[in-house]
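This is what each chain is made of:
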Amino acid sequence: MTRSHLLQPVQEALQAFTAGALPASALSRTAREQAALLAALPPRYAEVLHGLLDRLESSALFSEESCSFSQQDLVDSLQMWVDKARGLLESI
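Residues numbered from 1 in each chain as written. Predicted model: local features only at pLDDT ≥ 70, side-chain atom pairs only at ≥ 80, totals over all residues. Heavy atoms only, no water.

This next bit is on the overall build of the protein. Helices and strands together make up the secondary structure of the protein, namely five helices and zero strands. Ordered by position from N to C terminus, the α and β elements of the protein give α-α-α-α-α. The C-alpha atoms of the protein give 13 Å as radius of gyration, which agrees with the globular expectation for 92 residues (12 Å, within 12%). For the protein, the spread of C-alpha atoms along the principal axes amounts to about 45 × 25 × 20 Å. When each of the 92 residues of the protein is scored for burial, the buried share is 36%. In the form shown here, the protein has an accessible surface area of approximately 5,300 Å², with 55% of it arising from carbon and sulfur atoms. Between the averaged position of the 7 positive side-chain charges in the protein and that of its 11 negative side-chain charges there is a distance of 7 Å. (Helix = DSSP H or I, 4+ residues; strand = E, 2+ residues; numbered from the N terminus. Rg over C-alpha atoms; globule rule 2.2 N^0.38 Å. Buried < 20%, exposed > 50% of the residue type's maximum accessible area, 1.4 Å probe, protein only. Areas by Shrake-Rupley, 256 points an atom, 1.4 Å probe, with all protein chains shown as cover. Lys, Arg positive; Asp, Glu negative; His and termini not counted. Charge placed at Lys NZ, Arg CZ, Asp CG, Glu CD.)

Here we take up the packing of aromatic side chains. Under the definition given, this model contains one aromatic pair. Between Tyr-45 and Trp-81, the ring centres sit 6.1 Å apart and the planes meet at 65°, which makes this aromatic pair edge-to-face. Linking Tyr-45 in helix α4 (residues 43-59) with Trp-81 in helix α5 (residues 71-91), this pair joins segments that are 36 residues apart in sequence. This pair shows no difference in class: Tyr-45 is buried, exactly as Trp-81 is. (Phe/Tyr/Trp six-rings, centres within 6.5 Å; stacked < 30°, edge-to-face > 60°.)

What follows deals with the packing of helix α1 (residues 8-18) against helix α2 (residues 24-32). Two numbers describe how α1 lies on α2: the axes approach to 9 Å, and their chain directions differ by 175°. As summarised for this structure, α1 and α2 are arranged roughly antiparallel, according to the angle between their axes. Together, Pro-9, Val-10, Ala-13, Leu-14 and Phe-17 of α1 and Ala-24, Leu-27, Thr-30 and Ala-31 of α2 make up the contact between the two elements. (Axes fitted to C-alpha atoms, helices over the stretch in contact; angles between N-to-C directions. Parallel < 35°, antiparallel > 145°, perpendicular 65-115°, else oblique. Contact = heavy atoms within 4.5 Å.)

The values are spatial; any link to function lies outside them.
Have a look at this one:
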């Protein structure tokens, strides 16, 4: 059995955020609390995830027009992170 199940809380929180049912702060908190997931991945994955979450939290403080990066681009990047992490976890 692979450890890809460790991604489930992050994937569900990301989907809830995308649907407007979860604020950015809750998505970020959920993702940051996944110690087992982050321990199962190379350290670079945690660095990238935390950077994306920091930018997502910042973008939530501003309107889309006044923010220097697109919230949708950040959501897309977070989904890409989840997909790459899943691929890695399924290969080990």
